[in-house]
Amino acid sequence: MLEIEIDGKQVQVNDGSTVMDAAVVAGAYIPHFCYHKKLSIAASCRMCLVQVEKAPKPLPACATPVTNGMKVWTHSEQAVKAQKGVMEFLLINHPLDCPICDQGGECQLQDLAVGYGSSASRYQEEKRVVFNKNLGALVSTDMTRCINCTRCVRFTTEIAGEMEMGQAFRGEHAEIMPFIERTIDTELSGNIIDLCPVGALTSKPFRFAARTWELSRRKSVSPHDALGANLIVQTKHDTVKRVLPLENEELNECWLSDKDRFSYEALASEQRLTTPMIKQGGQWKAVDWQVALEFAATGLRGIAKDHGAAALGALASPHSTVEELYLLQKLMRGLGSENVDFRLRQADFRADGKRAGAPWLGMPVAGVADLNRLLVIGSFLRKDAPLLAQRVRQAAKKGLHVSAVGPNAEEWLIPVRNRALVAPSAMVATLAQVVVALAREKGAEVSPALLGKLPDTVADEALAIAQSLASGRKVAVWLGSLAAHHGRASELQMLAQEIARLTAGSFGFIGEAANSVGGYLAGAVPGADGLDAAAMIEQPRKAYVVLGAEPDLDFANPAATMAAMSSAQLVVGLSAFDSPALRAVADVLLPIAPFSETSGTFVNCEGRAQSFTAVARPLGDVRPGWKVLRVLGNLLSLEGFGYDDSEAVRAQALPADLAAALDNGIEGVVVSSASAAANALERVADVPIYFADALVRRAPSLQKTRDAAAPVARIAPATLAALGLAAGQKIRVVQGGGGAELTVQADAGLAAGCVRVAAAHSSTAALGAMSGELSVERV
């Protein structure tokens, strides 16, 4: 620890701290523009000049290291004169257009100009003009306002991981710009809006929509990925106008992914379902709530009476709140049915009844910084969990060795030290080889459950991964969404558990949705006699209750789901959005509130329960989902549905000791050495970041980005040549009795013998399951 005196106040700081760090500890404010606590030091704006004892001239606080006994004055005559001089230079070319600037009212330059600027400018010459740049659909530019602080440049390089922006030219000709003819395509691009201290980079969807002082601010939680980023939702007249990050160092830090930031546009979509509707004679008719709920209750009661309670099934989106999931399963069990599930894209359910608790990440999100070895199995990490990937990226800079197993090797912008690029059918065998090699490296015995199930030979890639993990002190093994959706997911989990045991590390699931953990805790999984999500589709039920899911986009096998629901006597759809697929299969549609218009709870991947309240009044006749289910339970005369608020539901839904309910332990799953048929093409199905849920699918700006491009069929160059195909050709992909016409694209980051075709999109909804064999033919 070093001692420093700032404005007469003695403070102690860590060795290696800067004067700016010490000022934060001392509570002294130093004006700045280019400095940001999460970015490297540029010292380019010079606004933070301070007086330091024995220094011949003012020094930049952000770049001056603390020495023991140093004396600093942040507001002395010399310091203030230097700061005012810098401000005068910054304002020389800056346009005086605060009234029409979208940053007005929340502009750092505007604020500091009040304290450090002059009432008149001595600069009489012509001001420079900088042409605007095209940064894509999300970020708007007014580059004449730019003060060249380089925050945006450092963010894209250091945090987002891709050098997409830079500074060209010198002196007063310096300009911030993207690379030639390129937009900013990172999934974290919106953060440069928050970072920009002036009005040079602003939100394109929010542009000129409202002034900051007109907005009400409410805290909320992201309803998208499993991280559960904390939000500040800003509203005007009960309309969500903007979403900003709420700083939480343990989760999202001060960042947001673009999915979290811009999906609010969908809340005002024309596809919002605002009135209860019933299908009569093939025609949809708007009705009041009483009629719609009685129709649903009468239908469910009648089918349970005529065909038995087992004829009922409930399928819920993992983006639903804990309260909604809890009441849905309580409703089904009250009717006598154990057929309830929220794992709509899962294929392997052999682990049900063999788990020790609810599957989770196995460690705190903030603990990523402490890891020095990480094995990621079957994951599209960067797009599935952008902010978790960002944490891994920062840890990798400090020595974390990342290894990966799976059929995909797209650019994570993270150095992957060892990779086993194998087809989905070979993932189990590859992990088994890692276990064998790891046991040899550690001189340990494998678990009795795996004896006789492991191979004798080990491939070089598996050996390299094992050696890397064996040399680690703090090890984690993560299973991604591809592993969770895999046809042998439970075997992958057994092997991941063994790898974690041999390395004395942790293992867990990244999770695909806001309540991938909460669904288990709420009991929205089938009981001993119940059917899982896949079985409810394979063995069609007479009636379905569908909560927050779209049958053609949110299921492992959309074509089979549509067929099963079309054959049902009754489908009750609870949804915030209308869709042709829902109208095709449903008999009654009940409009429920999205996250912004209801209260509820999400349990993120680290097992943290985060509750939120409504930030706006419900649109039209929309009602919170938990209230709809509560009233439905009352109409069915079921016990235990007398809740007054969502807090009462939550108190029953979540266990008192949440941490004790989280456990990735699994036993009793048989690991086999079976593999796919030789020469068979295998499907690799990702869920693209902007197709993942109903909100992002309806956000216009997100749908204009590169990540929202229509799916193509990606094939490794060698496999492409073996099939006699060329990149750019049109082909027909056939799977499960359905087909899709797609353009072929060569992808060197894909395992041989695989075809990568995205799910959750209308163009591929006719295909079969997300994993399995398929065939291709020329069109």
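Residues numbered from 1 in each chain as written. Predicted model: local features only at pLDDT ≥ 70, side-chain atom pairs only at ≥ 80, totals over all residues. Heavy atoms only, no water.

In the nomenclature of an unreviewed UniProt entry, the protein is known as NADH-quinone oxidoreductase of Thauera chlorobenzoica. A UniProt comment under Function (unreviewed entry) is attached to the protein, and it reads "NDH-1 shuttles electrons from NADH, via FMN and iron-sulfur (Fe-S) centers, to quinones in the respiratory chain. Couples the redox reaction to proton translocation (for every two electrons transferred, four hydrogen ions are translocated across the cytoplasmic membrane), and thus conserves the redox energy in a proton gradient." Under the Sequence similarities (unreviewed entry) heading, UniProt states for the protein: "Belongs to the complex I 75 kDa subunit family." (UniProt positions renumbered as here; feature names shortened; annotations may be inferred.)

## Observations concerning the overall build of the protein
From N to C terminus, the protein includes 23 helices and 32 strands. Taken over C-alpha atoms, the radius of gyration comes to 28 Å for the protein, in line with the 28 Å a tight globule of 779 residues would show. In terms of its C-alpha atoms, the protein occupies a principal-axis envelope of roughly 90 × 65 × 55 Å. For the protein, the proportion of its 779 residues judged to be buried stands at 61%. (Helix = DSSP H or I, 4+ residues; strand = E, 2+ residues; numbered from the N terminus. Rg over C-alpha atoms; globule rule 2.2 N^0.38 Å. Buried < 20%, exposed > 50% of the residue type's maximum accessible area, 1.4 Å probe, protein only.)

## Brief notes about the environment of Leu702
By secondary structure assignment, the location of Leu702 is in the loop between α22 (694-697) and β28 (713-715). Considered as a pair, Leu702 and Arg345 are 357 residues apart in the sequence and their alpha carbons are 23 Å apart. Apart from the residues within four sequence positions on either side, Leu702 is in contact with Leu138, Asp258, Lys259, Phe262, Ser263, Glu265, Tyr690, Val696 and Ala708. (Contact = heavy atoms within 4.5 Å.)

## Focus: the packing of helix α11 (residues 427-442) against helix α14 (residues 489-502)
Between α11 and α14, the shortest axis-to-axis distance is 10 Å and the interhelical angle comes to 15°. Our classification of the angle between α11 and α14 gives roughly parallel. α14 is crossed by α11, and the crossing has left-handed handedness. Residues Met427, Val428, Leu431, Ala432, Val434, Val435, Leu438, Ala439 and Lys442 of α11 form the contact with α14, whose own contacting residues are Glu491, Leu492, Leu495, Glu498, Ile499 and Leu502. Class assignment of the residues belonging to the contact of α11 with α14 gives a composition of 12 nonpolar, no polar and three charged. (Axes fitted to C-alpha atoms, helices over the stretch in contact; angles between N-to-C directions. Parallel < 35°, antiparallel > 145°, perpendicular 65-115°, else oblique. Left-handed = near helix turned anticlockwise from the far one by under 90°. Nonpolar A, V, L, I, M, F, W, Y, C, P; charged D, E, K, R; others polar.)

## Observations concerning the pairing of strand β26 (residues 609-612)
Only one face of β26 is buried: it carries Gln610 and Phe612, and the other face, with Ala609 and Ser611, is open. Taken together, the four bridges between strand β25 (residues 600-603) and β26 define a ladder with antiparallel strand orientation. By the bridge assignment for β26, Phe602 is matched with Gln610. Hairpin connection between β25 and β26: a loop of five residues separates the two successive antiparallel strands, and Gly607 in this loop has a positive phi of roughly 80°. (Pairing = 2+ DSSP bridges.)

## Points about the pattern of salt bridges
Applying the stated criterion across every chain yields a total of 38 salt bridges. For Asp142, the salt bridge is made with Arg145, and the minimal N-O distance between the two is 3.1 Å. Arg145 shares its class with Asp142; the two are buried. As a salt-bridge pair, Glu550 and Arg697 come within 2.9 Å of each other at their nearest N and O atoms. On the criterion of sequence distance, the pair formed by Glu550 in the loop between β22 (543-547) and α17 (558-566) and Arg697 in helix α22 is long-range, its members being 147 residues apart. For the pair shown, Glu550 and Arg697 are each scored as buried. Taken together, the shared-partner salt bridges in this structure form one network comprising Glu162, Glu164, Arg182, Glu187, Arg382, Lys383 and Asp707. (Salt bridge = Lys/Arg side-chain N within 4 Å of Asp/Glu carboxyl O.)

## Notes on the packing of aromatic side chains
Applying the stated rule across the entire model yields three aromatic pairs. Residues Phe155 and Trp255 carry aromatic rings whose centres are separated by 5.0 Å and whose planes lie at 55° to one another, so their mutual orientation is tilted. Taken together, the residues span a long stretch of sequence, with Phe155 in helix α4 (residues 151-159) and Trp255 in the loop between β12 (239-245) and α6 (258-262) at a distance of 100 residues. Owing to a relative accessible area of 0%, Phe155 belongs among the buried residues under this scheme. Over the ring of Phe206 we find Arg242, and its NZ or CZ is 4.4 Å from the ring centre. (Phe/Tyr/Trp six-rings, centres within 6.5 Å; stacked < 30°, edge-to-face > 60°. Lys NZ or Arg CZ within 6 Å of the ring centre and 35° of its normal.)

## Points about the sheet that holds strand β13 (residues 277-280)
The strand order across the open sheet built from seven strands is β14-β13-β24-β23-β22-β15-β16, with neighbouring strands paired in mixed fashion. A strand with exactly one partner marks an edge of an open sheet, and here the two such strands are β14 (283-286) and β16 (340-341). Where β22 and strand β23 (residues 570-575) come together, five bridges link them in parallel fashion. Bridge pairing in β23 places Val545 opposite Val572. Contacts from helix α8 (residues 322-334) reach β15 (312-316), β16 and β22 within the one sheet, and its direction differs from that of β15 by about 175°.

## Observations regarding helix α2 (residues 77-92)
Over its 16 residues, α2 runs 23 Å from end to end, which matches the ideal 22 Å to within 8%, given 1.5 Å per residue. Buried within α2 we find Ala79, Ala82, Gln83, Val86, Met87, Leu90 and Ile92. Turning to α2, the residues buried within the fold contact β3 (49-52), β5 (70-73) and α3 (108-116). (Expected span 1.5 Å × (residues − 1).)

## Details of the environment of Leu327
For Leu327, the position within the fold is in helix α8. Since its relative accessible area comes to 0%, Leu327 is described here as buried. In this structure, the C-alpha to C-alpha distance between Leu327 and Gly633, residues 306 residues apart in sequence, is 8.5 Å. Setting aside residues up to four positions removed in sequence, Leu327 forms contacts with Trp626, Leu629, Arg630, Phe641, Tyr643 and Val649.

## Quick word on the nonpolar core
Counting residues in hydrophobic clusters, the biggest one holds 104 residues, and the most contacted among them are Phe33, Met47, Phe155 and Trp478. No other element matches the six residues that helix α10 (residues 386-397) contributes to this core. Residues in contact with Met47, not counting those within four places in the same chain, are Pro31, His32, Phe33, Gln83, Val86, Met87, Leu90, Leu112 and Tyr116. One finds Ala297, Leu325, Leu328 and Val628 within the second-largest nonpolar core, a separate group that totals 55 residues. (Core = buried A, V, L, I, M, F, W, Y, C linked by side-chain atoms within 4.5 Å.)

## Description of the pairing of strand β18 (residues 401-406)
Burial of β18 is extensive: five of the six residues sit out of reach of the surface. Bridge count between β18 and strand β19 (residues 416-421): five bridges; the pairing is parallel. In the strand pairing of β19, Ala404 is matched with Arg419.

## Notes on the packing of α2 against α3
Between α2 and α3, the least distance of the axes is 10 Å, while the angle of their chain directions is 130°. On the basis of the axis angle, α2 is oblique to α3. Seen from above, α2 lies across α3 with left-handed handedness. On the side of α2, the interface is formed by Gln83, Lys84, Met87 and Leu91, while α3 contributes Leu109, Leu112, Ala113, Gly115 and Tyr116. Across the contact of α2 with α3, the residue classes tally to six nonpolar, two polar and one charged.

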